[in-house]
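# Structure assessment
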2 protein chains.
Amino acid sequence: MDAIKGKADQGMQNQGGQMDKPVSFHFLESMLPKAVKRRVHALKRLQVQCANIEAKFYEEVHELERKYAALYQPLFDKRRDIVTGTVEPTDEECEWQSDREEEEELAEAVKEKATIEDAKKEETTPVEDPKGIPEFWITIFKSVDMLSDMLQEHDEPILKHLKDIQVKFSEPGQPMSFTLEFHFEPNGFFNNAVLTKVYKMKSEPDASEPFNFEGPEIIDCEGCQIDWHKGKDVTVKTIKKKQKHKGRGTVRTVTKQVPNDSFFNFFNPVKASPDGEMDEDSEFTLATDFEIGHFFRERIIPRAVLYFTGEALEDDESFEEEELEEGDEEQDEEGDEDDDDDGDFDPKA
Amino acid sequence: MDAIKGKADQGMQNQGGQMDKPVSFHFLESMLPKAVKRRVHALKRLQVQCANIEAKFYEEVHELERKYAALYQPLFDKRRDIVTGTVEPTDEECEWQSDREEEEELAEAVKEKATIEDAKKEETTPVEDPKGIPEFWITIFKSVDMLSDMLQEHDEPILKHLKDIQVKFSEPGQPMSFTLEFHFEPNGFFNNAVLTKVYKMKSEPDASEPFNFEGPEIIDCEGCQIDWHKGKDVTVKTIKKKQKHKGRGTVRTVTKQVPNDSFFNFFNPVKASPDGEMDEDSEFTLATDFEIGHFFRERIIPRAVLYFTGEALEDDESFEEEELEEGDEEQDEEGDEDDDDDGDFDPKA
């Protein structure tokens, strides 16, 4: 997120963000007596040193995250096994408050009505005991707008074979990165058991803009080659085109492969240009891609079940409402709310 | 911030946040075959375990922060000494890129004009070499809206005696908290050398709402008694009131002390009610107070010089503009941006 914000930020500044600033800091500084200005510069040098210490802090947080990833993993593995039906949880493992509540409600309610509804339920759900939790991941993809925007109808039968999504962190001493792993069961679409996307990160202040440092940011990403079965690649479509021979006037039909919208284009990434020479579209695509990678890592992987049931979505919605309300009430406040968000660092990004 | 968001969140839900939700998760869950629902409950139990691990992670991050606070401290002490004029930085310590740029610009510019402007500057700044960086902290108070909103004219002469603001973290093994310390030089207003405000935090999932856990949140705060010199307490004002004796009809004038707006009310906090029986106003005041405490800790103390020069404010403004722009373009996106902010944990909060 910080990477994205940072980029957009720069864009805004270039587009004339300077316009309605009441007092520029260059102006303020130029107004100061020389001796004072000198001292302010000394403080700025100290501030750069702070930014360098902060970078070390974020590196240590990253270490902590690696350590905790190992603690979460057994729980995530268990989740995968329950989702795929490899393991059937015990009764104790399934006890949940709402079970008891429902039982009590049922006891009080008219039994007859309950029986009718049970009968109805059986009609609409023909398979009474499917394997694991069917359509677990695809339900999440459909529920989260950021993902459903990418999802095409032809992606759905493929994503039904998605068994698990995991995040792996870079090893100590390696450049900071995280890898999203999409684990598939054998399927009729491609040979890969795992599709990967690596997000490379940077956790050091930029020499030219040390004060903009707000913690690790995603700087680049890399997808993977999908080994599609013949004719199954949904990221391309074949179009037929009529070609007229100029001299002879004969017409022939040629087929041509063109890109096709698909979630699986996620593994076929736009490369961040090293010299910053990207057009706006590519820049936007890349920013969106970073945002999606961050979202998988930060929200979906750690809380998948809450996106499946919709609980996480409800939180997000009421949060969004609250933001709007606050904005209305406090429209005179100069983005302090934003400051905070800016300041909140994101150890997993 | 998280504490505040959380609170506001709940408020929204109570006020009818349920209204326009397309599919409630209770509905989705009730549609699932019994065997599947059972497995979903098993995943929820795993999710609670994840939240408990996450709480330990945040505790370790807090330890890290304590460790890094000690690394920052010498730089902050140096800053204080330069601001107060106790230490004069060396030429080397004051070298800053803009010095060189300005020299080059000057060389190119018409020397005469520069001379005129220098002369002007001298007129407007009669004291050519004051002690340290005069009005350092009060300039910050005036620049940041969240603080200037609290600032009254009668606070300014007092805040000119503010030497430093520091943050201290709770000791290992103690309940998580941080203390803001406002260090004053001897002054004619009160006897305290340091005014303090403690923010108490909580870093464990709530038993009744484990999925709402998003990291440490501020749960309470405590100010301090200010030992005002006689007649100098700006947080109260004396009003005269005429009283008529009912029987005799005589009129006498009585004086009465009533609360007065002042930044120093910050040390006279609203207490968070343990049973949640607060009116909306108090809840709002408390939320604002938490936000301010967080802002001091997270932004102002670590980057004071950038608020003094205005550089941090410019960042915040362009960040705010960008947010608006994004909102316009992506108004159909269901708060994914917000999710991220929600998910970004704040290790210093």
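Anything mentioned here points back to the structure above.
First, a word on what this report is: a plain description of the structure on this page. (Residues numbered from 1 in each chain as written. Chains lettered and ligands numbered in written order. Predicted model: local features only at pLDDT ≥ 70, side-chain atom pairs only at ≥ 80, totals over all residues. Heavy atoms only, no water.)

### Quick look at the overall build of chain A
Each helix and strand counted, chain A has 12 helices and six strands in total. Out of the 349 residues belonging to chain A, those deemed buried represent 49%. For chain A, contacts bridging at least 24 residues in sequence account for 62% of all contacts bridging at least 6. (Helix = DSSP H or I, 4+ residues; strand = E, 2+ residues; numbered from the N terminus. Buried < 20%, exposed > 50% of the residue type's maximum accessible area, 1.4 Å probe, protein only. Contact = heavy atoms within 4.5 Å.)

### Description of the sheet that holds strand E4 (residues 217-222) of chain B
All names here are of chain B. An order of E1-E2-E3-E4 is seen for the four strands of this open sheet, with the pairing classed as antiparallel. Of all strands in the sheet, those with a lone pairing partner are strand E1 (162-169) and E4, marking the two edges. Averaged over all neighbouring strand pairs, the angle between strand axes comes to 20 degrees, with direction disregarded. Note that strand E2 (residues 177-184) and strand E3 (residues 194-202) share seven bridges and pair antiparallel. Across the sheet, Ser177 pairs through a bridge with Lys200, a residue of E3. Along the sheet, helix H3 (residues 34-84) makes contact with E1 and E2, crossing E1 at roughly 170 degrees. (Pairing = 2+ DSSP bridges. Axes fitted to C-alpha atoms, helices over the stretch in contact; angles between N-to-C directions.)

### So, the sheet that holds strand E1 (residues 162-169) of chain A
Residue and element names in this part refer to chain A. With antiparallel pairing, four strands are arranged side by side in an open sheet as E1-E2-E3-E4. With partners counted over all chains shown, the strands left at the sheet margins are E1 and strand E4 (217-222), one partner each. Adjacent strand axes in the sheet meet at a mean angle of 20 degrees when their direction is disregarded. In this sheet, strand E2 (residues 177-184) lies alongside E1 in antiparallel orientation, the contact comprising seven bridges. Paired with Gln166 across the two strands is Glu181, which belongs to E2. Against the sheet, helix H3 (residues 34-84) engages E1 and E2, with an angle of about 170 degrees to E1. Lying on the sheet, helix H7 (residues 136-143) is in contact with E1 and E2; it crosses E1 at an angle near 75 degrees.

### Quick word on the pairing of E2 of chain A
Regular strands have side chains that alternate between both faces of the sheet. Most of E2 of chain A sits out of view: eight of its eight residues are buried. What you see with E2 of chain A is no split at all: Ser177, Thr179, Glu181 and His183 of chain A on one side and Phe178, Leu180, Phe182 and Phe184 of chain A on the other are buried throughout.

### A closer look at the nonpolar core
With 148 residues, the main nonpolar core has Phe182 and Phe264 of chain A together with Phe182 and Phe264 of chain B as its most contacted residues. If you tally residues by element for this core, the top one is H3 of chain A, at 19 residues. Ignoring sequence-local partners within four residues, the contact set of Phe182 of chain B consists of Phe141, Leu162, Asp164, Ile165, Ala193, Val194, Leu195, Phe263, Phe266, Phe267 and Phe296 of chain B. (Core = buried A, V, L, I, M, F, W, Y, C linked by side-chain atoms within 4.5 Å.)

### Details of unusual backbone geometry
Backbone geometry at Glu135 of chain A places phi at a positive 60 degrees, although glycine is not the residue there. You can see Glu135 of chain A is positioned in the loop between helix H6 (111-124) and H7.

### Some thoughts on the environment of Phe308 of chain A
As for its position among the elements, Phe308 of chain A is in helix H10 (residues 280-309). The spatial distance from the C-alpha of Phe308 of chain A to the C-alpha of His161 of chain A is 16 Å, given a sequence separation of 147 residues.

### Some remarks on the side chain of Arg39 of chain A
The residue Arg39 of chain A is located in helix H3 in this model. With residues near it in sequence (within four places) discarded, Arg39 of chain A still touches Ile82, Glu88, Pro89, Asp129, Pro130, Lys131, Gly132 and Ile133 of chain B.

### What to know about the pattern of salt bridges
All chains considered together, the criterion is met by 38 salt bridges over all chains. Notably, a salt bridge pairs Glu65 of chain A with Arg297 of chain A, separated by 3.0 Å at the nearest N-O pair. With Glu65 of chain A in helix H3 and Arg297 of chain A in helix H10, this pair connects stretches of sequence that are 232 residues apart. In this structure Glu65 of chain A comes out as buried when scored by relative accessible area, which is 4%. Take Arg297 of chain A: its relative accessible area is 2%, and that puts it in the buried class. Put simply, Arg38 and Arg39 of chain A together with Glu88 and Asp91 of chain B are held in one network by salt bridges that share partners. (Salt bridge = Lys/Arg side-chain N within 4 Å of Asp/Glu carboxyl O.)

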